[in-house]
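If you want the building blocks of each chain, they are given just below.
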Amino acid sequence: MIHITLKDGPAQDMASGVTAAQALKDLGMAGDRRVVAAQIDGEAVDLNAPLTRDCTIAPIPVGTPQGLEVMRHSASHLMAEAVRSLFPGVKIAIGPAIEAGFYYDFDAPEPFTPEDLARIEERMGQLVARDLPYERQEMSRGEAIRLFRELNEIYKVELLEEIPQDRVSLYRQGDFVDLCRGPHIPSTGYIGAFKLTGVSGAYWRGDERNPMLQRLYGTAFPTREELERHLELLQEAKRRDHRRLGRELGLFMVDEEAGAGMVIYLPKGALLRSIIEDFERREHLKRGYQMVMGPQMLKVDMWQRSGHWDNYRDHMYFCEVEGQMYGVKPMNCVAHMLIYKSRVRSYRELPLRFFELGTVLRHERSGVLHGLTRVRQFTQDDAHILCTPEQVESEILGVLDFVAEVMAIFGFEYEVELATRPEKSIGADAEWELATNALINALKTRNLPYHLCEGEGAFYGPKIDIKLKDALQRRWQCATIQCDFTLPERFDLTYIGPDGQRHRPVMLHRVILGSLERFLGVLVEHYAGAFPVWLAPVQLILLPITDRVHGYAREVARMLLEADLRVEVDDRPETLRYKIREAQLQKIPYMVIVGDREAADRTLSPRLRDGTEIKGMPLDEFLNRLKEESRVPVVSC
RNA sequence: GCUGGCGUAGCUCAAUGGUAGAGCGGCUGAUUUGUAAUCAGCAGGUUGCGGGUUCGAGUCCCAUCGCCAGCUCCA
């Protein structure tokens, strides 16, 4: 007999070998199909796994992230089975669950077409209907290698040859067998609703030197309704797409004749950007930053000295001027080094915080370009903080707080990642360790949970990356804080300490919004183009009903402009309904109707974006309301 | 850069290898309008660019530029 305890529940003695499913049932958990796996002492296992020792058990319902992952992983096996039965020559690679679904990589002689997708999906439906059990089987590594060799599954053999363990597990359902750790759902019927969502190429093991495989993407949910809701969310993302809204709202464009990845700002986009830039300058000056500006390109020697030549050359543009090679800046740090060096520095003036809205150019590979979020020329809200080693941590804290305050103003939540030393990097181990610890300590001081991303730091130092989450819960890399001990050394930066000796300052690179282009793109999607009043390029539009009131409308517009409000007047000879529709589609916060009645008693009748109508509001009341709403929101963190 | 898909009017999209069309938008005129599209007329294209196959190419082939979904990379 073994003693089994339900997590946060009763316990019972049972015969050794009882399955997890039976144990859960005996402990009062109804054996319904929403439970897809079990957790034994914290480890996820199949429902039909036999229990042979005292343990604590907990159900894994499909409604939890873990349960969903199990079901999707099983769905990927199912997809692989369908593919193998329809396309006999195809070899299987790997097929995990991912954030929004699952995929499986195949080595197929011909790429899959959308029609193939439909056939595969249909076959999967048939297999679900047959409710085939998933069966776990353990064997030695050697046996497994023999098995997959017989099946001519070379990718599985390659994976097996690198597995250190002696025992491996396989899962079978129907005619399909796969090397897999598990756990899986008990049978294919547990897959509620699924859909194949796309095909694309993917390198074997994510390495571009390896052959390219065909990756099939799909997603699965417990119920049809949840799947529908997910697909609806994808539609919503499409409606919010900044590339579409950017054009429709007259914000920006990319012209292939000008160059891929080169953003051209239209009047409203340029206005929006300058509103954000003004905001940034104020926020930085408030926090003790000094504005600086560096040149767009520097002699190539500078880039050799900084290490960019050795580590970043492939991403840089170069040009020759009177026989001298120049590198167009991909980062702003080098000029800031020179500014620091422009005179002798005392410890009394540290920390120095140099801030620049710096426009950089990076040669990104053509395939990665995307709207505003991935471009070749962009402007960073960049700063370099030079300080004593003792000041590093408090400076990092200052930046973390800065990020928190700014993100709250824009209404973003975010997640934090810590990226450590990559393979291709410069600097001494001791410095990397010191810098990494400083970052970790700051995160701990602020109680910020973080994901560790090993080997993903910049070539000159470790970094904290901030992934902000937009209204649709998508994550975007914007803010980053990077420690750098090497650049001050390479440029021989020093300060005179209290002891009269020269010392080496530490440098922090940091951005808050990151790239203004990317941030704008994210902002457009976050607000679906309906910017709050303080950001809206056009805050209100006056809609005169007849020519008779044009004079009054222009007088009101002048008054509002004097009050620094962003106003337009639509005095075209169109109907009111027409003008409202256009203003509504432009997502202007206030549509202000001006007719004979308003002109007579010197009032306005604003209509809000949400359809709310206000009639006969006195001029100064409206002015005060707009002035109030135009202020940068005050938030407390 | 790689894999696959796709480039037709400003936008969204039509056109069995056989004379390039529609809606919206634009322009002109009429309409002076009270909360999401007033009516009429007109203009708009070397089908991304360059080669080729063919009696004939938007359609087929090659190359190139760009876009889209991913991979790799990344603010």
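Quick caveat, the model's predicted, so the values are computed rather than measured.

S.K.: Before we move on, can you summarise the overall build of chain A with the specific residues and values?
M.R.: From N to C terminus, chain A includes 19 helices and 35 strands. Based on the C-alpha atoms only, the size of chain A along its principal axes is roughly 85 × 75 × 55 Å. Long-range pairs, those at least 24 residues apart, make up 68% of the contacts in chain A with a sequence separation of at least 6. On chain A, roughly 30,400 Å² of surface is accessible, and the fraction owed to carbon and sulfur atoms is 49%. Of the side chains in chain A, 81 bear a positive and 96 a negative charge, and the two mean positions are spaced by 2 Å.

S.K.: Hey, could you go over the protein's contact with RNA strand B for me, with residue numbers and the actual values?
M.R.: For RNA strand B, the set of nearby residues contains 54 residues, the closest of which are Ser 200, Ser 366, Gln 477, Arg 577 and Arg 581. Protein-proximal atoms of RNA strand B, defined as those within 4 Å of the protein, fall in sugar or phosphate at a share of 50%. The separation between a sugar or linking oxygen of RNA strand B and a polar side-chain atom of Arg 247 is 3.5 Å. Residue Ser 515 places a side-chain N or O atom 3.5 Å away from a base nitrogen belonging to RNA strand B. Only strand E14 (193-203), strand E15 (212-221), helix H7 (242-248), strand E27 (475-484), helix H17 (576-585), helix H18 (596-601) and strand E34 (603-608) provide two or more residues apiece to the surface near RNA strand B. By residue number, the principal contributor to the surface near RNA strand B is H17, which donates 7 residues. For the surface near RNA strand B, a count of residues per class yields 18 nonpolar, 14 polar and 22 charged.

S.K.: Which residues make up the sheet that holds strand E13 (residues 176-179), and what values do they have?
M.R.: If you trace the 3 strands from one edge of the open sheet to the other, you get E11-E12-E13, paired in antiparallel fashion. In this open sheet, the two edge strands, each paired with only one partner strand, are strand E11 (135-140) and E13. Neighbour to neighbour, the strand axes of the sheet diverge by 30° on average, direction disregarded. Running at roughly 130° to E13, helix H2 (residues 65-86) makes contact with strand E12 (167-173) and E13 of the sheet. Those strands touched by helix H4 (residues 141-150) are E11, E12 and E13, and its axis lies near 110° from that of E11.

S.K.: So, empty space enclosed by the protein: which residues are in play, and what are the values?
M.R.: If you walk through the whole model with that rule in mind, you get 2 cavities of 30 Å³ or more. If you add up the space inside the largest cavity, you get close to 40 Å³. In terms of lining, the largest cavity is formed by Ile 426, Glu 431, Trp 432, Ala 435, Tyr 460, Gly 461, Pro 462, Asp 484, Phe 485 and Thr 486. With 3 residues, the single largest contributor to the lining of the largest cavity is helix H13 (residues 429-445). Its residues assigned to classes, the lining of the largest cavity shows 6 nonpolar, 2 polar and 2 charged.

S.K.: Go over a nonpolar patch on the surface with me, naming the residues and quoting the values.
M.R.: Residues Leu 285, Met 291 and Met 293 make up a contiguous nonpolar surface patch of about 340 Å² in total accessible area. Position of Met 291 relative to the elements: it lies in strand E18 (residues 290-291). Relative accessible area serves as the criterion here: at 36%, Met 291 is assigned to the partly exposed category.

Procedures and definitions
- Each chain has its residues counted from 1, following the order in which its sequence is written.
- Numbering of ligands from 1 and lettering of chains from A proceed in the order in which they are written.
- The predicted origin of the model limits local features to residues at a pLDDT of at least 70 and limits the giving and counting of side-chain atom pairs to 80 or more, whereas totals for whole chains, interfaces and linings rest on all residues.
- Side-chain figures throughout are based on the complete set of non-hydrogen atoms in the structure, without hydrogens or water.
- Secondary structure elements follow DSSP: runs of H or I of four or more residues count as helices, runs of E of two or more count as strands, with numbering from the N terminus.
- Note on contacts: a residue pair qualifies if any of its non-hydrogen atoms lie within 4.5 Å across the two residues.
- Throughout, the Shrake-Rupley method with a 1.4 Å probe supplies accessible areas, and for residues the shown protein chains are the sole cover considered.
- Working convention for charge: Lys and Arg count positive, Asp and Glu count negative, and His plus the chain ends are omitted.
- Positions of charges follow a simple convention, taking NZ of Lys, CZ of Arg, CG of Asp or CD of Glu.
- We define proximity as follows: a residue is near a molecule or strand when any one of its heavy atoms falls within 4 Å of that partner.
- Under the rule applied, a polar contact is a pair of N or O atoms within 3.5 Å (in protein, one hydrogen donor and one hydrogen acceptor; residues adjacent in sequence only if both atoms are side-chain atoms).
- For this classification, the nonpolar set comprises Ala, Val, Leu, Ile, Met, Phe, Trp, Tyr, Cys and Pro, the charged set comprises Asp, Glu, Lys and Arg, and every other residue, Gly included, is treated as polar.
- Any two strands with at least two DSSP bridges between them are considered paired.
- Angles run from 0 to 180 degrees between N-to-C directions of axes, and those axes are lines fitted to C-alpha atoms, restricted for helices to the stretch in contact.
- Of the two site types, the cavity is a set of points on a 1 Å grid over the protein atoms alone where a 1.4 Å probe fits but cannot get out, and the pocket is an open set with protein on both sides within 12 Å along at least five of seven lines, each lined by residues with an atom within 4 Å of a point.
- Grid points are joined across faces, edges and corners, and a volume is the space filled by probe spheres set on the points.
- Put simply, a patch holds well-exposed residues, over 30% relative accessible area, that have no salt bridge, with like charges counted together within 9 Å and Val, Leu, Ile, Met, Phe, Trp or Tyr side chains within 5 Å.
- Salt bridge, as applied in this entry: a Lys or Arg side-chain nitrogen positioned within 4 Å of an Asp or Glu carboxyl oxygen.
- Each residue gets one of three labels from its accessible area relative to the maximum for its type: buried under 20%, exposed over 50%, partly exposed in between, using a 1.4 Å probe on protein chains only.

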